[in-house]
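Letter by letter, the chains look like this.
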There are 2 protein chains.
Amino acid sequence: MNGAQALIRTLVDAGVNVCFGNPGTSEMHFVAALDSVPEMRGILALFEGVVTGAADGYARMADKPAATLLHLGPGLGNGLANLHNARRARTPIVNVVGDHATYHKQFDAPLESDIEALARTVGWVKTSTSTAALAADAAEAVAAAQAGQVATLILPADVSWTEGGEPAAAVAPPVARQVDESVVRSIVDVLQSGESTVVLLGAHGTRERALRAANRIAQATGVKLFAETFPARIERGAGVPAVERLGYLAEQVTYQLTDVRNIVLAGAKSPVSFFAYPGKASDLVPDGAKVHVLAEPLDDVAFALEAVADLVAPDIEPVLQEARRPGLPSGDLTPQNWVDVIGALLPENAIIVDEANTSGLLLPMATAGAPKHDVLTLTGGAIGYGLPTAVGAAVACPDRPVICLQADGSAMYTSSALWTMAREGLNVTTVVLSNRSYAILKLELQRVGAESTGPKALDLLDLSRPDLDFVALATSMGVSGTRASTAEELADQFRAAVEQPGPSLIEAMVPTLF
Amino acid sequence: MNGAQALIRTLVDAGVNVCFGNPGTSEMHFVAALDSVPEMRGILALFEGVVTGAADGYARMADKPAATLLHLGPGLGNGLANLHNARRARTPIVNVVGDHATYHKQFDAPLESDIEALARTVGWVKTSTSTAALAADAAEAVAAAQAGQVATLILPADVSWTEGGEPAAAVAPPVARQVDESVVRSIVDVLQSGESTVVLLGAHGTRERALRAANRIAQATGVKLFAETFPARIERGAGVPAVERLGYLAEQVTYQLTDVRNIVLAGAKSPVSFFAYPGKASDLVPDGAKVHVLAEPLDDVAFALEAVADLVAPDIEPVLQEARRPGLPSGDLTPQNWVDVIGALLPENAIIVDEANTSGLLLPMATAGAPKHDVLTLTGGAIGYGLPTAVGAAVACPDRPVICLQADGSAMYTSSALWTMAREGLNVTTVVLSNRSYAILKLELQRVGAESTGPKALDLLDLSRPDLDFVALATSMGVSGTRASTAEELADQFRAAVEQPGPSLIEAMVPTLF
């Protein structure tokens, strides 16, 4: 078999059996080899940002990596923004980036560029230099990914096409570290100190098992719980202990952490401001408060929380969120009422991909008591993650409805994800929150203290002139679309969209908050 | 004034008065400052690949840089593919990439990443570390760009917002080197040696002045002329000396260079294969042929060619292409006949942005005798350059009709350029060649010698299922669209589109060649 065949066989043997791709000439042997390994599913996207965002969404839900197939430096470049989000989510991904044949690189052909330098900015990278070494390099890349990284394997065309490849055995995946008893005991002392204390949950600390333990700890010690601002995946809804997320704005976090003396990190990082603002603090730990680490993000966070809970709350059961939905609203859509439509009608076992940005401010409240669901959020701030991530989540969980709540400005970075949804018949209901502006920037323009807000500045934040027509956009890519201006229309259309198999899109005319 | 104001004033004073942007929070002071410098025009794009492609197209036509405004690492990442093309075109561009405030970077906030590493892959880079130094750094960036580079200035938010900025004077732009007389004389010896010789024209060697000199040389010495495969900008049509381009496929080049003993480079690089193929040569210089350099790409190529022409052809006038158009074809569209519609109806003084790829194989012949026009081509092989480059060309030359000939697969990387065309009322007629496949890859799959072409492989090269609807796509972004299935329809729609001001799009149903 050739290198490409050995590579794909190795990936499959290591459990990587989905490859999102946007290939070019240097990847043609990899593409040809797909037919020789039936277990590998190839999924085409029309743009690399869709490829990488889909791989992120897939792994967040499947808890194992997908592969991507990208075309040299420019292909990887187009995928970097969503790989940045994946890096922040600690999502395992195995990028296979085709490169020129080893002997061709010296000629500086038009597509030659420094692929390693690009890949290094998002994680692990290795260039495979021989067909004999390729499969072992691939196994190493999978293990690197399984350690919570974006791993990039650069595949020169001749390494791919040369005969003599042999599959390599999977490398044992890393096991999450379990924290020492001494750490657990020192954290128990903090929790029982009587001082105002917050436990901040992140990474796998926002999954159900960890939330149950954290809830028991809070009941027993009176500490407050928060989830990190942008969890990679948070389990919530009826039957799961509720937890409030730290706010996006520094002012919100300052309020949430008022008078706190201790912050215990369970998979989360110490809170910092998303951006810097003139005259405002970047470090959001209150003056004089101490930060204690129970578990690092890649540790076994649930184990650590359970170890603490078993000491401080051995006989306490977690308090679970009650089932409770908002009533269906009526009248013109507003930033306040559209979320109630989602809360009222969210289907069982849903996956919400949330890139609603400013329009989604009230979403967590409206969906708090809806049936148990997962929420995936924008971990790295690189917008254009919603539609692609919904693709990946739907591929990972074909039996679950995916609800993609998508701000209009952000949708336009990676809108061709709709085409992949149609091609693969993915069960994704996309609601585009169409406020026709970069609303977050209108807010930020004030917040950064920019003096002037003249017409040229405002023009750069305005998405009207011309208005985007998301129904036509969906139609152009084979996804059926409708438009809702009232809460009643949104409810009717959302119900119908969720019931029908395959993708659909609703353009919800929700005015801007600002 | 603050740093941002001083920066924009410095750019304008150095002749940079267009800024294509897709800003975020860290760029808000730059955005606010736009209103304080009336000479700077800000143009919004919905995706960074449109921003950078537009800057490339602008500078190729304006012969001076535009600025871009990009949001941290992910924003630059999204722009890298078209910056790669710009690097290969030696296009001057000044990227302004916003970054976190200098003191905020230590906190590793979600959007933190290694911007310098990304920027270095496409050219010059400098991070401005103080408001006092910012304007001088900007002047340096403009000069770096004017040397034929992509120059990236990283702008921390606090450097932008701090008061005390002062504009800096422009740095004198570099002057293209004029080759020594000794080089000219040695090249004359080669040209007059009687051996089979080719002059390969590149960079500014494909502009009219250089073409006139090269044509005189060819007449006097009998050498053959070729333009490089993918010129950044080539002037051609009636009244300009005609020149054949080197082919894209190695087999074509081998044929074009049969029995050649000398290759004289005038602004071009020595010919190499675009990709490597098993068992085929990468270096396309014929065995035993010698390569001679008359002018490097950044030299004054026209001066060098004129110096040679004045020695070998002092009394010879260039032979100019006669005006000659193909007849209007009829019947269903084919890869052969659609180009004749363009050739027959190309308006006066047009700019053709050519990303027609396989569908455009016969375009050069069909337009050879059309009215004088410029053609911009895909210099770096990073697809998705056509629509954005057309935006930039139209901004640079508002009085010239821009004809964007766009392959369907490539269109989907940067399709939101249509929205910017609508917003700015740009006079761009886009013809999408809709063959519903990555046709080039079907060809390449055979050419690389991939053994199997099973259904999974072919599926990754197929753009049907669902079919893309480019009329709906254009409509979604405020551009009027029509569809043509016959040559008569294409002619009618093309005529109407060219006559009407502002952008329009024609989806031409041209079947694939392969």
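Residues numbered from 1 in each chain as written. Chains lettered and ligands numbered in written order. Predicted model: local features only at pLDDT ≥ 70, side-chain atom pairs only at ≥ 80, totals over all residues. Heavy atoms only, no water.

## Thoughts on the side chain of Thr-430 of chain B
Phase 1: When you line up the elements, Thr-430 of chain B lands in strand 16 (residues 428-433).
Phase 2: Here Thr-430 of chain B is in contact with Leu-387, Cys-404, Gln-406, Met-421, Ser-504, Leu-505 and Ile-506 of chain B, once residues within four sequence places are set aside. (Helix = DSSP H or I, 4+ residues; strand = E, 2+ residues; numbered from the N terminus. Contact = heavy atoms within 4.5 Å.)

## Description of the interface of chain A and chain B
Phase 1: Facing 98 residues of chain A, the contacting portion of chain B comprises 99 residues.
Phase 2: Both sides together, the interface formed by chain A and chain B hides about 8100 Å², and carbon and sulfur atoms give 64% of it.
Phase 3: Area buried by chain A at its contact with chain B is led by Arg-423, Lys-456 and Leu-460 of chain A, which between them contribute 9% of it.
Phase 4: At the surface where chain A touches chain B, the tally comes to 8 salt bridges.
Phase 5: Here Asp-108 of chain A ties to Lys-269 of chain B by a salt bridge, and the two come within 2.8 Å at their closest N and O atoms.
Phase 6: Inspection of the chain A/chain B interface yields 48 residue pairs in polar contact (both at pLDDT 80 or more).
Phase 7: For the side of chain A that touches chain B, the elements supplying multiple residues, two or more each, are helix 2 (28-33), strand 2 (41-44), helix 4 (72-89), helix 5 (115-120), helix 16 (417-424), helix 17 (439-447), helix 18 (455-459) and helix 19 (470-476) of chain A. (Buried area = accessible area lost by both parts, 1.4 Å probe. Salt bridge = Lys/Arg side-chain N within 4 Å of Asp/Glu carboxyl O. Polar contact = N/O pair within 3.5 Å; in protein donor to acceptor, adjacent residues only side chain to side chain.)

## Focus: the pairing of strand 8 (residues 224-227) of chain B
Residue and element names in this part refer to chain B.
Phase 1: Here strand 7 (residues 197-201) runs beside strand 8; their pairing, made up of 3 bridges, is parallel. In the strand pairing of strand 8, Val-199 is matched with Leu-225.
Phase 2: For strand 8 and strand 10 (residues 244-245), the ladder comprises 2 bridges, and the chain directions are parallel. From the neighbouring strand, Phe-226 faces strand 10, where its bridge partner is Glu-244. (Pairing = 2+ DSSP bridges.)

## Here we look at the relation of the copies chain A and chain B
Note that the two copies of the chain are related through a rotation about an axis and a translation along the same axis.
Phase 1: Relative to chain B, chain A is turned by 180° and slid 0.0 Å along the rotation axis, the superposed coordinates differing by an RMSD of 0.0 Å. In short, the pair behaves as if placed about a two-fold rotation axis.
Phase 2: The overlap is high: 100% of the interface residues of chain A also sit at the interface in chain B, so the same surface is used on both sides. (Least-squares fit on C-alpha atoms with pLDDT ≥ 70 in both.)

## A word on the pattern of salt bridges
Phase 1: For the coordinates displayed, the defined rule picks out 58 salt bridges over all chains.
Phase 2: Where Glu-507 of chain A meets Arg-483 of chain A, a salt bridge forms, and the shortest distance between an N and an O atom there is 3.0 Å. Of this pair, Glu-507 of chain A sits in strand 18 (residues 504-508) while Arg-483 of chain A sits in strand 17 (residues 480-484), and the two are 24 residues apart along the sequence.
Phase 3: Classification of Glu-507 of chain A by relative accessible area gives buried; the value is 0%.
Phase 4: Here Arg-483 of chain A falls in the partly exposed class, since its relative accessible area comes to 36%.
Phase 5: Among the ionic pairs, Glu-251 of chain B bridges to Lys-280 of chain B, the shortest N-O distance being 3.8 Å. In this pair, Glu-251 of chain B is assigned in helix 10 (residues 250-256) and Lys-280 of chain B in the loop between strand 11 (262-266) and strand 12 (290-295), connecting sequence segments 29 residues apart.
Phase 6: Look at Lys-280 of chain B and you get partly exposed, because its relative accessible area is 34%.
Phase 7: Here the salt bridges share partners, and the residues they tie into one network are Asp-63, Arg-207, Arg-233, Glu-235, Asp-374 and Arg-400 of chain A. (Buried < 20%, exposed > 50% of the residue type's maximum accessible area, 1.4 Å probe, protein only.)

## Remarks on the state of the cysteines
Covalent bonding between the sulfur atoms of two cysteines defines a disulfide.
Residues and elements named next belong to chain A.
Phase 1: The full count for this structure, using the stated rule, is 0 disulfides over all chains.
Phase 2: Here Cys-19 is not cross-linked by a disulfide; its sulfur's nearest cysteine counterpart is in Cys-397, at 19 Å.
Phase 3: Residue class for Cys-19 comes out buried when judged on its relative accessible area of 3%.
Phase 4: For Cys-397, which is in no disulfide, the shortest distance to another cysteine sulfur is to Cys-404 and amounts to 15 Å. (Disulfide = S-S within 2.5 Å.)

## Notes on the pairing of strand 17 (residues 480-484) of chain B
All names here are of chain B.
Phase 1: By the bridge criterion, 5 bridges tie strand 17 to strand 18 (residues 504-508) in an arrangement that is parallel. Bridged to Ser-480 within strand 18 is Ser-504.
Phase 2: A crossover links strand 17 with its parallel partner strand 18, the connecting element being helix 20 (residues 487-499), and its sense is right-handed. (Right-handed = clockwise from strand over helix to strand, strands pointing away.)

## Details of the nonpolar core
Phase 1: Counting residues in hydrophobic clusters, the biggest one holds 204 residues, and the most contacted among them are Phe-20 of chain A together with Phe-20 of chain B.
Phase 2: When near neighbours in sequence (up to four residues on either side) are disregarded, Phe-20 of chain A contacts Ile-43, Val-51, Ala-54, Ala-55, Tyr-58, Ala-66, Ala-67, Thr-68, Leu-69, Val-391, Gly-392 and Val-395 of chain A.
Phase 3: The next biggest cluster of nonpolar side chains, apart from the first, holds 61 residues, and it includes Ala-304, Val-308, Ala-344 and Ala-366 of chain A. (Core = buried A, V, L, I, M, F, W, Y, C linked by side-chain atoms within 4.5 Å.)

## Concerning the environment of Pro-297 of chain B
Residue and element names in this part refer to chain B.
Phase 1: Positionally, Pro-297 belongs in the loop between strand 12 and helix 11 (301-312).
Phase 2: By relative accessible area, which is 13% here, Pro-297 ends up buried.
Phase 3: Residues contacting Pro-297, with those up to four places away along its chain left out, are Arg-90, Ala-203 and Gly-267.

Interpretation in functional terms is not warranted from these geometric data alone.
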